[in-house]
Amino acid sequence: MPEMERVAGAGWWARLRRRLKEIAEMESLDSYLRDNFEVPPKNPSEEAQRRWRKAVGIVKNRRRRFRMVPDLDRRSEDKAKVRSAQEKIRLTLYVQQVAFTFIDGLKNKEYRLTEDIIEAGFSINPDELASITSKHDLKALKMHGGVDGISRKIRSTFDRGIDASDLGTRQNIYGVNRYVEKSSRSFWMFVWDALQDMTLIILMVCALLSAAVGLASEGWPKGMYDGLGIILSIFLVVIVTAVSDYKQSLQFKDLDKEKKKIFIHVTRDGYQQKISIYDLVVGDIVHLAIGDQVPADGLYIHGYSLLIDESSLSGESDPVYVSHGKPFILAGTKVQDGSAKMIVTAVGMRTEWGRLMSTLSEGGEDETPLQVKLNGVATIIGKIGLVFAVLTFIVLLVRFLIEKGMTVGLLKWSSTDALTIVNYFATAVTIIVVAVPEGLPLAVTLSLAFAMKKLMNDKALVRHLSACETMGSAVSICTDKTGTLTTNHMVVDKIWIADVSKSVTSNNSLEDLNSVVSSNTLRLLLQGIFENTSAEAVKDKDGKQTVLGTPTERAILEFGLSMEGDRDDEYRTCTKVKVEPFNSVKKMMSVLVSLPNGTSRWFCKGASEIILQMCDMVIDDDGNDIPLSEAHRKNILDTINSFASETLRTLCLAYKEVDDIADNADSPSSGFTLVAIFGIKDPVRPGVKDAVKTCLSAGITVRMVTGDNINTAKAIAKECGILTDDSKAIEGPEFRSMGLEEMKKRLPNIQVMARSSPLDKHTLVTNFRGMLSHEVVAVTGDGTNDAPALHEADIGLAMGIAGTEVAKESADVIVLDDNFATIINVARWGRAVYINIQKFVQFQLTVNIVALVINFVSACVTGSAPLTAVQLLWVNMIMDTLGALALATEPPNDEMMKRPPVGRGESFITKVMWRNIMGQSLYQLVVLGALMLGGERLLNIKGADSKSIINTLIFNTFVFCQVFNEINSREMQKINIFRGIISNWIFIAIITVTVSFQVVIIEFLGVFASTVPLNWHLWLVSVGLGSFSLIVGVILKCIPVESGENTAPPNGYSPLPSGPGV
């Protein structure tokens, strides 16, 4: 038996030496974190995610620590479910007959009309209606009279839609457009999670042992005090932790609801309106456009060039062309091109998409780089704390055994001895509780949740957690012009037609234009406007006419309507044959119409230079086509540049007569006749110039990427303050022609790119990230074709108003008001999150060092720990949950945008932080050491309870040192730590609660916390010694520390170091 004990002891010491060696051999904190705890901010690989999880060594509460981290195994299961569902859908869609043979056994399922269906006036069973679309059953569709027959059976018409009064009935019979979601976690589940902390469980066992031994030795109630004190402390820690976590979950739940808010256009009660997809019912007439996600199963009514991307359902990458011959449209798919109207046939759980979504678990948000980094910091500190806890317990136990051996001998044991050892063990375990900073990675979540909630109120919806912290280190913002820098409220300001250039901003101007333009020319102009448009003039329920569509299309159609005047429908006698919708690659839209005289005509509208190149004729003031000479072409180009220099967007309208119409023929690329040039005014948003100025002072370069004419782009960029003297403006074609070396050389100076395509934007972002790897790049986008650039950028920012659903899905942040100033606010909060976490880490590491060292040194010198288990639990709550609430929720201030952005790959714990941590720790250790070793003599404390008074004074002083150091931590470099403190009610509340409860513990809960009441002199000593931390903080901030490469930072700030990808 002794041999076995000797071997076991040797093994234990070997493991301890190995752990100490492992800590000692770390070259540096940074290198260790970089090797084991680094993930990219976007799309981390599964290998990187599993690597850091494996590296996390000491975890007190795995359920809580990893609650906000995705379950990779469950995520893999979800992917397998999606693949299985896609295979099933592919079988149904593409191998229908085989599928019916094996699945349905060639038997037609019988559907009955129930009484409630008949009473409601419907003539088709909900399941039968849903199966027609989901199975692409053309035979069943024809049997019911086609799309027209279906619409009659569900009491809907193509022009009026449904009656809003029927909504409840339709939802009862055909279902609601929601899928079954996982229920939210209750408060008690968070309490249960908090109770899973292994150290708290051990402490509860110790408390029960302490109570049992105490009752046996000291009787009721005195014997219960120590054990009951630990139990009550654990209860308080668990409740405070659970409340904090539950509030975070509610914030994320609210944000998740916002993410799922999608609105679509439908026709109801005879007019077009915008509704939430969750209010959609069977029979609704839905308007689909490029970039929309199809919200329900439906049947195609009519449209133009409708291409549907079904990859999310079937896994097939090739888009599907939808027409009258193939009218089936499934929920969850996306409109890749064209536009259409569809009638809804199935919603919610009756769609394949709904059934698929309901089977998937919430895989969880990808962890952020800062969360991973702080998991690494917590692991290192935890290992050190474990060593200190073990050594403290060993020292206390050895001293106790030596003293016992020298007095009564080791063979005589009493219940008091057992209670002493249990208390030693409880103290050691509590040191681990304090030493393992579980709150570090969770503080990131708390800070991000707080920031995301505030940003939501400021019109920015953060879709991915990492984007919020990454945006704080953005060095470059590639922004669109239209709608982001400008108001997106467009009007036709000028028009050139038949060699006449006119301002058309008033009724008098329109009358002047009518007087100088012939009726033939006017007819061509208005035909081109009314036929070649994606906008639509509709009447609302009050009979008022409203124009719906993109801002550009609305502006031109509104101009056409004002020119048309009372001559209703005089210029709308054509029949559309084919429509080629606008897309940002072609930069134009075309329509082929059949005229009443039997001939056909192409109308084309788009970017001025592109349309002008397609023209070899121009219309004159009599409405005749005349050849376009080079001199005339040059004059027209001068007009375009003149419009552009006045910050007007320019569009050209042209037409071409054709005789033969070939099936599936694309619009011609030449031979057009130029009709008009529109100059469209889109004013710069108020506040944009100030926002750009803020970016420049913050070290952020703003680059404008637009499809507009280069002169328009330059004029707008100068007005916004983007285009500076040493920067360049180029066009997309020039950018595309650059070689890699030339691009690398010129890239930093490019601040305006005009006539760009979405591919140019993607190339620009890719090269910034590849060639200038130190730069964190943010990019804005609103179109479907912007999705690759949004996905590639470090931070993708989609527009909430003008953005398509495809763009929003690819983005990290949705700018709800499409305002550039909102983007700057996201950057401001991103910096605040990072700095707040640094403040919290600085504060917590100081507490860790002091608590570990003071207890260990005391155990070695005096044979007892001055801070008991109950006291350490209270300190842990101060520095963990309460400290995170106080420091991690500080709002941003303007000074944050007067310093350089956070760089990639630099130290998270900076030299400035180490200076503050070591300086404050040294001060606290000197003060507490002096009180512990000579406090009774220094303060002239005598009497039987002098030891208890000194220990209470040490505990009280220690807590007040943390309270004032918490105030100190509000600023890591600035001396003025009180700036903005009055407006931060959370911080004031936390400090007030901490001080108040400390008074209660000292004065009223002594029997549980092992304290005695202090007189006012000793209270003054405690508060005075604690408050001296403020003076120590001022002294420390006067000590110069190397702060990075930037030798002349603005406003006296040093560059902020960063975590990976932040």
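Since the structure is predicted, the reported quantities are computational estimates derived from the model, not experimental observations.

1. Structural notes on the packing of aromatic side chains
No. 1: Scanning the model with the defined rule gives twelve aromatic pairs in all.
No. 2: Taken together, a centroid distance of 6.0 Å and an interplanar angle of 65° make the contact between F450 and W829 edge-to-face. Taken together, the residues F450 in helix α19 (residues 439-457) and W829 in helix α33 (residues 820-861) connect sequence positions 379 residues apart. Accessibility assignment for this pair places F450 and W829 in one class, buried.
No. 3: Linked through ring pairs, F187, W188, F190 and Y246 together constitute an aromatic cluster.
No. 4: The ring of Y278 has R178 sitting right over it, with the charged end atom 4.2 Å from the ring centre.
No. 5: R970 extends its terminal NZ or CZ atom over the ring of F987, reaching a point 5.5 Å from the ring centre.

2. Re a nonpolar patch on the surface
No. 1: A surface patch of nonpolar side chains, about 330 Å² in accessible area, is lined by M198, I201, V205 and L209.
No. 2: With respect to the secondary-structure elements, M198 resides in helix α13 (residues 198-218).

3. Points about the confidence of the model for the protein chain
A low pLDDT score tells you not to read the predicted coordinates there in detail.
No. 1: For the protein chain, mean pLDDT is 82; residues scoring 70 or higher make up 90% of the total.
No. 2: Contacts from residues 97-107, a stretch scored under 50 in pLDDT, to residues over four places away or in other chains number nine contacts.
No. 3: Low pLDDT, under 50, characterises residues 1044-1062; the stretch is placed with 62 contacts to residues that sit more than four places away or in other chains.

4. What about the environment of I661?
No. 1: Assignment of secondary structure puts I661 in the loop between β19 (648-658) and β20 (672-681).
No. 2: Residue I661 is classed as partly exposed on the basis of its relative accessible area of 41%.
No. 3: Separated by 60 residues in sequence, I661 and R601 have C-alpha atoms that sit 9.8 Å apart.
No. 4: Setting aside anything within four residues of it in sequence, one finds I661 in contact with L592 and S600.

5. Brief notes about helix α26 (residues 688-697)
No. 1: The complete set of buried residues in α26 reads V688, A691, V692 and C695. For α26, the buried positions fall inside an angular range of 100° around the axis, keeping them on one side. Counted as exposed and oriented over 90 degrees from the buried face of α26: K689, D690 and K693.
No. 2: In this structure, the buried side of α26 is in contact with β9 (476-479), β21 (701-705), α27 (710-720) and α33.
No. 3: One or two steps after α26, the chain reaches G699, where phi turns positive at roughly 80°.

6. A look at the pattern of salt bridges
Side-chain pairing between opposite charges can occur once the charged atoms of the two side chains come close.
No. 1: Within this structure, the stated rule accounts for 31 salt bridges.
No. 2: One salt bridge in this structure joins K761 and D480, with 2.6 Å as the shortest N-O distance. On the criterion of sequence distance, the pair formed by K761 in helix α30 (residues 758-771) and D480 in the loop between β9 and β10 (491-497) is long-range, its members being 281 residues apart. Comparing K761 with D480, the two get one shared label, buried.
No. 3: Across the pair R736 and D760 runs a salt bridge, and its minimum N-O distance is 2.4 Å. Pair noted here: R736 is in helix α28 (residues 732-736) and D760 is in helix α30, with a separation of 24 residues, a long-range link.
No. 4: Given the relative accessible area of 45%, R736 is considered partly exposed.
No. 5: Salt bridges sharing common partners tie together D480, K761 and D786.

7. Considerations on the sheet that holds strand β24 (residues 777-781)
No. 1: Ordered in space as β8-β26-β25-β24-β9-β21-β23-β22, the eight strands form an open sheet in which the pairing is mixed. Of all the strands in the sheet, the pair left with one neighbour each is β8 (460-462) and β22 (728-731). Along the sheet, successive strands turn relative to each other by an average axial angle of 20°, direction set aside.
No. 2: Of the strand pairs in this sheet, β24 and strand β25 (residues 795-799) are connected by four bridges, and their pairing is parallel. Each bridged residue has a counterpart across the sheet, and for A778 the counterpart in β25 is I795.
No. 3: The sheet strands contacting α33 are β8, β9, β21, β24, β25 and β26 (813-815), and the helix crosses β9 at an angle near 155°.

8. Some thoughts on the side chain of S757
No. 1: Along the polypeptide, S757 turns up in the loop between β23 (750-754) and α30.
No. 2: When sequence neighbours within four positions are dropped, the list of residues in contact with S757 reads S584, K587 and R736.

9. Focus on unusual backbone geometry
No. 1: Unlike most non-glycine residues, R755 shows phi in positive territory, near 45°.
No. 2: Turning to its location among the elements, R755 is positioned in the loop between β23 and α30.
No. 3: Of note, the phi angle at D818 is positive, near 60°, even though the residue is not glycine.
No. 4: Within the secondary structure layout, D818 lies in the loop between β26 and α33.
No. 5: For D818, a relative accessible area of 2% gives the class buried.

Cut-offs used in this document
- Numbering of residues starts from 1 in every chain and runs along the sequence as written.
- Restriction of local features to residues with pLDDT of at least 70 applies here, the model being predicted, together with a cutoff of 80 or more for giving and counting side-chain atom pairs; totals for whole chains, interfaces and linings are based on all residues.
- The side-chain numbers reported here are obtained from all heavy atoms of the structure, hydrogens and water having been left aside.
- Think of it this way: a Phe, Tyr or Trp ring, Trp meaning its six-membered ring, pairs with another when their centres are within 6.5 Å, and the plane angle makes it stacked under 30 degrees, edge-to-face over 60, tilted otherwise.
- Helix numbers and strand numbers start at the N terminus; a helix is a DSSP run of H or I with at least 4 residues, a strand a run of E with at least 2.
- Burial classification: accessible surface area is computed with a 1.4 Å probe over protein chains only, and a residue below 20% of its type maximum counts as buried, one above 50% as exposed, and the rest as partly exposed.
- Both a distance and an angle decide whether a charge sits over a ring: NZ of Lys or CZ of Arg must be within 6 Å of the ring centre and within 35 degrees of the ring normal.
- Note that patches include only residues with greater than 30% relative accessible area and no salt bridge, and the join distances are 9 Å for like charges and 5 Å for nonpolar side chains (Val, Leu, Ile, Met, Phe, Trp, Tyr).
- All accessibility values rest on the Shrake-Rupley procedure with a 1.4 Å probe; residue burial counts only the protein chains present in the view.
- For this analysis, a salt bridge means a side-chain nitrogen from Lys or Arg found within 4 Å of a carboxyl oxygen belonging to Asp or Glu.
- pLDDT measures the predictor's confidence residue by residue and takes values from 0 up to 100.
- Only heavy atoms matter for contacts: two residues are in contact if any of them lie within 4.5 Å across the pair.
- Arc definition: it is the arc formed by the directions from the helix axis to the C-beta atoms.
- Note on pairing: two strands pair once DSSP finds at least 2 bridges between them.
- For helices, the fitted axis covers only the stretch in contact; all axes are lines through C-alpha atoms, and the angles between them, taken along N-to-C directions, range from 0 to 180 degrees.

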